[in-house]
Amino acid sequence: MATKQMTDDLEYLGALLRRSERGGSPFIIYALWAVLVLVGFSMVDFAPHRVGLFWLIAGPLGGVASAILGHRYGLRIGQLNREEGTRHGWHWFGIMLTILLAVPLGVTGAIAWPVLSRVFLLIVALAYFLAGVHLERPLKWVGLLMMACYVGLFFIPAYGWTLVAILVSLSLIVSGLLERRRGATPNR
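A brief look at the structure comes next. (Residues numbered from 1 in each chain as written. Predicted model: local features only at pLDDT ≥ 70, side-chain atom pairs only at ≥ 80, totals over all residues. Heavy atoms only, no water.)

## Examining the overall build of the protein chain
So, step 1. Scanning the protein chain from terminus to terminus reveals seven helices and zero strands.
So, step 2. In the protein chain, the order of α-helices and β-strands from amino to carboxyl end is α-α-α-α-α-α-α.
So, step 3. Sequence separation of 24 or more characterises 66% of the internal contacts of the protein chain that already satisfy a separation of 6 or more.
So, step 4. Accessible surface, the protein chain as shown: approximately 11,800 Å² in total, 70% of it carbon and sulfur. (Helix = DSSP H or I, 4+ residues; strand = E, 2+ residues; numbered from the N terminus. Contact = heavy atoms within 4.5 Å. Areas by Shrake-Rupley, 256 points an atom, 1.4 Å probe, with all protein chains shown as cover.)

## Section: unusual backbone geometry
So, step 1. For Y159, which is not glycine, the phi dihedral falls at a positive 60°.
So, step 2. Relative to the helices and strands, Y159 is located in the loop between α6 (138–152) and α7 (160–181).
So, step 3. Accessibility expressed as a relative area gives 54% for Y159, which makes it exposed. (Buried < 20%, exposed > 50% of the residue type's maximum accessible area, 1.4 Å probe, protein only.)

## Observations regarding the nonpolar core
So, step 1. In this structure, F41, Y128, M146, V168 and L172 are the most contacted members of the largest nonpolar core, which totals 30 residues.
So, step 2. When contributions to this core are tallied by element, the ones reaching two or more residues are α2 (27–46), α4 (82–107), α5 (113–134), α6 and α7.
So, step 3. It is α5 that provides the largest number of residues to this core, a total of nine residues.
So, step 4. Excluding its chain neighbours within four sequence positions, the residues that come into contact with Y128 are W33, W92, L139, K140, V142, G143, M146 and L172. (Core = buried A, V, L, I, M, F, W, Y, C linked by side-chain atoms within 4.5 Å.)

## So, the pattern of salt bridges
So, step 1. Following the criterion strictly, the structure yields one salt bridge and no others.
So, step 2. The residue R87 makes a salt bridge to E83 at a minimum N-O spacing of 3.3 Å. Linking R87 with E83, this pair stays in helix α4, spanning four residues, or about one helical turn.
So, step 3. With a relative accessible area of 56%, E83 lands in the exposed category. (Salt bridge = Lys/Arg side-chain N within 4 Å of Asp/Glu carboxyl O.)

## Digging into the packing of aromatic side chains
So, step 1. Per the stated rule, a full pass over the model turns up seven aromatic pairs.
So, step 2. Arranged with centres 5.1 Å apart and planes meeting at 80°, the rings of F54 and W55 form a pair that is edge-to-face.
So, step 3. Given the relative accessible area of 24%, W55 is considered partly exposed.
So, step 4. In textbook terms, an aromatic cluster arises when at least three aromatic residues are bridged by ring pairs, as seen for F41, F54, W55 and W161.
So, step 5. Its end group placed over the ring of F154, R118 keeps NZ or CZ at 4.6 Å from the ring centre. (Phe/Tyr/Trp six-rings, centres within 6.5 Å; stacked < 30°, edge-to-face > 60°. Lys NZ or Arg CZ within 6 Å of the ring centre and 35° of its normal.)

## Some thoughts on helix α3 (residues 51–77)
So, step 1. Between its first and last C-alpha, α3 extends 37 Å over 27 residues, near the 39 Å set by a 1.5 Å rise per residue.
So, step 2. Among the residues of α3, those classed as buried are V51, A58, G59, G62, S66, Y73 and G74.
So, step 3. The inward-facing, buried residues of α3 contact α2 and α4.
So, step 4. Within two residues after α3, G78 carries a phi angle of roughly 75°, on the positive side. (Expected span 1.5 Å × (residues − 1).)

## As for a nonpolar patch on the surface
So, step 1. A contiguous nonpolar patch, built from L53, L56, I57, L61, W90, F93, L97, L100 and L101 and spanning about 980 Å² of accessible area, is present on the exposed surface.
So, step 2. Within the residue set of the nonpolar patch, elements represented by two or more residues are α3 and α4.
So, step 3. Ranked by residue count, the leading element in the nonpolar patch is α4, at five residues.
So, step 4. Locating L53 in the fold gives a position in helix α3. (Patch = residues over 30% accessible without salt bridge, like charges linked within 9 Å, V, L, I, M, F, W, Y side chains within 5 Å.)

As structure tokens, then:
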């Protein structure tokens, strides 16, 4: 009887460990960035002079909101990991800082804004890909899709950024739903 109880307890702990190792952000973070990407990327086609201001505000606020939502999620499931949270924070701070440091290339005219927008897409694509390799698996595929969209922009004459916005937003929603379905993230 004691052996059976010990076996059940070990199986339970093993399952709990496997679930916790998968990590994953709550679906709401995927949805948040899907909305921001849909608006921000499509602005390149419809309001190009406002894109910079949008991302200057939405990028950092989205990052802070993501950190808060991730922290609350960790508290709720009882798996708060300060080291992992710090790693996420530095990763995404690095991408924002890199983009901010590239802005003077457009301001000074060293690189034309339409070209710089594509460079920003590559920076974001690499950040998502590396986040998928080191932090959260589904983001790897979102990053690869962004890289494919970068190539696609050379062949789409009109509304290419809007198409990119739709594809990337959908990939974020699908990734978030798949993570939630696999049990890595609950509804919120």
